[in-house]
Amino acid sequence: TTRRDVTGAIIGMIGVGQDITDLRRLMEQEALLFQAQAANDAKSQFLATMSHEMRTPLNVILGMNDLIIETRLNSEQRTFAEQVKTSAESLLILINDILDLTKVEAGKLELVAVDFDIRQVMEDAIDSVAAKALGKGLEICSYIAPEIRTDVIGDPDRLRQILLNLLSNGIKFTKEGQVYLLIEEEEETASHHAFRFKVHDSGIGITADGQKKLFSRFSQVDSSTTRTYGGTGLGLAISKQFAELMDGTMGVQSEVGTGSNFWFTGVFKKILRPTNVFPVPMLLIPKVREGSPLTVLLKAENETLRLLLTRYLEALGIDAESVNSLPKAVHALESNPGKFDMLFFCPSMKAFDGAVSAPSSSVSDYGAKNDPTIRSSSIDLHHAMTVLKSRAHLWPKLETIIMCPIKCLSHASGYRDLHRCSILSRPVRLSALHDAVVACVMRIRNETPGCHSLAPKPAVLNQQTQDAEKPKGRSWRILVAISDMKQRMVLRAIIARQQLHGEQHQCVLAGSGKETIEKLVLEDAGWNHDCLIFDTNFKDHTQQDIVRYVRDREAQALFNKNKNTPLVLIAAI
């Protein structure tokens, strides 16, 4: 400001100076930060958009390739088609990982909260990777104590994604042995359940230095691992972030040459029930005789499989004894006539390395426990069943359940008609194990004098036997409403190849929301289509518009509400 004298003339000025170098530097840094954030957001948006755009043609490639594989191909053509499938699936996994990573970085990934069963998610994940594990000759199994309450509120899809990633890694880095999943209850409060998930493998193991960078993005143990086993190093980083979104964490214990134990924790809300409503307990197995439980002999070479199955059987109220070889099983049956009601026989994975061969000697050549022809390891299913058949007269009431690897069911198909013999696919679900044992117990009770007769209930052995027992029905008329023409064509071809009890489905196509509504006609007996499959990409109508249109019309109709049309929404996650 200026200084003036009494006449008003300027005689000087007063000024204050301040060094704003640091402030200017801070402003420049803030501007650069905004630019970096904008660039990062643009990158994330670009990757998300590209991932979605890449998945559309890739799904068409996978669908068309699957249709080609189902046709008659020579060995060379089938090899080429399988290579296309493997490469496309690997690319799809990479695209999905990148999409998940961009969502996490942008803070747009939110977990859903729905009711689900942790046991079902566990068994679904095991079934998804079972073929890959069994194809390498690995044993794969899972366990969660039957008495643990597993119905919770959370995000089952993200939980399944973590489990699949850890299980797939375990299978990839394991050449022989087993991969198994254990789930334990860690903590319980009035409103929440905390679980610990453990995936064990007997693979190559990880060094201490490798463990430090294992959960970093785009990082693997070393370059040789990448060259040998492939991968991008994204899966574990994303899985750990998913675990953290579940209020948990993730870690690993491993030693080189002995395998690895990956674990993570997750916290889920309880499904609150009224105080007068109690959960239905796991049904115990009915007793064969009053005062004595069912007695089972379990034969399984793999120690982990043997231990987990024994725990399941004991939890069902069954007295179980286990052995690790066929000679020991034969010896136990011969030394204790009438002691065992059932025999659980788990063929070794080594038995399916090649084709099932005929026995090298006649049935009479198989002796008791000292017979050297009864090999304790690598014995094939045919030899084992020959031994059991040759001694069937010694235990005529013994029920036998063959727990055959799901990929090798064709090897055991010849024994389906064998008296008192059932086939159960492996890895086994607890519900299927329970149903199979109950079916055997019912047969035993019906043949026991003085025992209350029970109507026999067939065991749920596998999906193929369930489908075979369903009554024949009419073909379905399905409306496929998908915006992308190529995806419509793939889905129509897939539906055309699926046969329901010998009758093909009829497929009608629509490419827009308006066309979908025009082709859905409500008649006196119901809609003119049995099922509607549609996606979320229509520009003229949202999926809510279509669902509201269908359900509102049904609410106003006079036909039986049980005839409401099933709606199947296809959406990218």
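For the structure, check the block above.
What counts and what doesn't
- Residues numbered from 1 in each chain as written.
- Predicted model: local features only at pLDDT ≥ 70, side-chain atom pairs only at ≥ 80, totals over all residues.
- Heavy atoms only, no water.
- Helix = DSSP H or I, 4+ residues; strand = E, 2+ residues; numbered from the N terminus.
- Buried < 20%, exposed > 50% of the residue type's maximum accessible area, 1.4 Å probe, protein only.
- Contact = heavy atoms within 4.5 Å.
- Areas by Shrake-Rupley, 256 points an atom, 1.4 Å probe, with all protein chains shown as cover.
- Pairing = 2+ DSSP bridges.
- Salt bridge = Lys/Arg side-chain N within 4 Å of Asp/Glu carboxyl O.
- Axes fitted to C-alpha atoms, helices over the stretch in contact; angles between N-to-C directions.
- Left-handed = near helix turned anticlockwise from the far one by under 90°.
- Nonpolar A, V, L, I, M, F, W, Y, C, P; charged D, E, K, R; others polar.
- Patch = residues over 30% accessible without salt bridge, like charges linked within 9 Å, V, L, I, M, F, W, Y side chains within 5 Å.
- Core = buried A, V, L, I, M, F, W, Y, C linked by side-chain atoms within 4.5 Å.
- Polar contact = N/O pair within 3.5 Å; in protein donor to acceptor, adjacent residues only side chain to side chain.

Student: I would appreciate a short explanation of the overall build of the protein in the present structure.
Tutor: Each helix and strand counted, the protein has 16 helices and 22 strands in total. Looking at the protein as a whole, 43% of its 573 residues are labelled buried. When contacts within the protein are restricted to residue pairs at least 6 apart in sequence, those whose partners lie at least 24 apart make up 70%. Split by element, the accessible area of the protein, about 30,900 Å² in all, is 54% carbon and sulfur.

Student: Would you take a moment to explain the pairing of strand β15 (residues 477-481) for this structure?
Tutor: If a strand is regular, its side chains alternate between the two faces of the sheet. Most of β15 sits inside the fold, with 4 of its 5 residues counted as buried. Inspection of the sheet shows β15 paired to strand β18 (residues 506-510) by 5 bridges, in the parallel sense. Along β18, the bridge assignment pairs Leu 479 with Val 508. Of the pairings in the sheet, the one linking β15 to strand β21 (residues 531-535) comprises 4 bridges and is parallel in character.

Student: Got a minute to help me understand the pattern of salt bridges in this structure?
Tutor: In a structure, side chains of opposite charge can pair up when their charged atoms sit close to one another. Applying the stated criterion across every chain, the model contains 15 salt bridges. Put simply, Glu 301 and Lys 299 hold a salt bridge, and the shortest N to O gap is 3.8 Å. A residue is classified by how much of its surface remains accessible, and Lys 299, at 1% relative accessible area, is buried. Sharing partners across several salt bridges, the network here consists of Glu 123, Asp 124, Asp 127 and Arg 429.

Student: Help me understand the packing of helix α4 (residues 156-172) against helix α7 (residues 235-245) in this model?
Tutor: Any two packed helices are characterised by how steeply their axes cross, that is the angle between the axes, and by the distance between the axes. It is at 10 Å that the axes of α4 and α7 come closest, and there the two elements cross at 145 degrees. α7 is crossed by α4, and the crossing has left-handed handedness. Every residue of α7 that contacts α4 at Arg 158, Gln 161, Ile 162, Asn 165, Leu 166 and Asn 169 is listed here: Gly 235, Leu 236, Ser 239, Phe 242 and Ala 243. Residues of the contact of α4 with α7, tallied by class, amount to 5 nonpolar, 5 polar and 1 charged.

Student: When you look at the environment of Asn 65 in this model, what are you seeing that I'm missing?
Tutor: With respect to the helices and strands, Asn 65 occurs in helix α1 (residues 21-69). Asn 65 sits in the buried class, given a relative accessible area of 7%. In the structure, Asn 65 is positioned 17 residues away from Glu 82 in sequence and 8.5 Å away in space, judged by C-alpha atoms.

Student: Sorry if this is basic, but what is going on with a nonpolar patch on the surface here?
Tutor: Together, Ile 20, Leu 23, Leu 26 and Met 27 give the surface a local cluster of nonpolar side chains, amounting to about 380 Å² of exposed area. Relative to the helices and strands, Leu 26 resides in helix α1.

Student: What am I meant to see in the nonpolar core here?
Tutor: The nonpolar side chains of soluble globular proteins are, as a tendency, buried together. By size, the foremost hydrophobic cluster in this structure holds 75 residues, and its most contacted members are Ile 118, Leu 159, Phe 197, Phe 264, Phe 268, Phe 344 and Leu 433. When sequence neighbours within four positions are dropped, the list of residues in contact with Phe 344 reads Val 296, Leu 297, Leu 298, Lys 299, Leu 313, Ile 401, Met 403, Leu 433 and Val 437. Formed by 24 residues, the second largest nonpolar core is a distinct cluster that contains Val 323, Leu 343, Leu 381 and Leu 388.

Student: Any chance you could explain the packing of helix α3 (residues 118-135) against α4 here in plain terms?
Tutor: In contact at an axis separation of 9 Å, α3 and α4 are set at 35 degrees when each is read in the N-to-C sense. Along this stretch, α3 crosses α4, giving a crossing that reads as right-handed. Along its contact with α3, which presents Ile 118, Val 121, Met 122, Asp 124, Ala 125, Ile 126, Ser 128, Val 129, Lys 132 and Ala 133, the element α4 presents Pro 156, Leu 159, Arg 160, Leu 163, Leu 164, Leu 167, Ser 168 and Ile 171. Residues belonging to the contact of α3 with α4 are distributed by class as follows: 13 nonpolar, 2 polar and 3 charged.

Student: Sorry, what's going on with the sheet that holds strand β22 (residues 567-570) here?
Tutor: Strand pairing in a sheet takes place through backbone hydrogen bonds and is either antiparallel or parallel in direction. Judged by pairing direction, the sheet is parallel, and its 4 strands sit side by side in the order β18-β15-β21-β22 without closing on themselves. Each of the sheet's edge strands pairs with one partner strand only, and the pair in question is β18 and β22. Within the sheet, the average angular offset between the axes of one strand and its neighbour, ignoring direction, is 20 degrees. Packing of helix α14 (residues 485-497) onto the sheet brings it into contact with β15, β18, β21 and β22, and relative to β18 it is tilted by some 170 degrees.

Student: When you look at the sheet that holds strand β12 (residues 342-346) in this model, what are you seeing that I'm missing?
Tutor: Overall, parallel pairing links the 5 strands, which are arranged β11-β10-β12-β13-β14 in an open sheet. The open sheet terminates on both sides in strands that have one partner only, identified here as β11 (319-323) and β14 (421-426). Recorded for the sheet is a direction-independent mean angle of 20 degrees between the axes of neighbouring strands. Of the pairings in the sheet, the one linking strand β13 (residues 399-405) to β14 comprises 6 bridges and is parallel in character. Each bridged residue has a counterpart across the sheet, and for Met 403 the counterpart in β14 is Leu 424.

Student: Looking at this model, I keep getting lost on helix α9 (residues 326-335). Mind explaining?
Tutor: Residues spaced three or four apart along an α-helix face the same direction, because each turn holds 3.6 residues. Along α9, the residues classified as buried are Leu 326, Pro 327, Ala 329, Val 330, Ala 332 and Leu 333. Its buried side turned inward, α9 meets β10 (295-300), β11, β12 and α10 (381-390).

Student: Which parts of the structure should I look at to understand the side chain of Asn 302?
Tutor: Along the chain, Asn 302 falls in the loop between β10 and α8 (303-315). Judged by relative accessible area, Asn 302 falls into the buried class, the value being 16%. Looking at Asn 302, its side chain comes within polar contact range of the main-chain nitrogen of Thr 304, at 3.0 Å. Setting aside residues no more than four positions away along its own chain, Asn 302 makes contact with Glu 139, Gly 177 and Gln 178.

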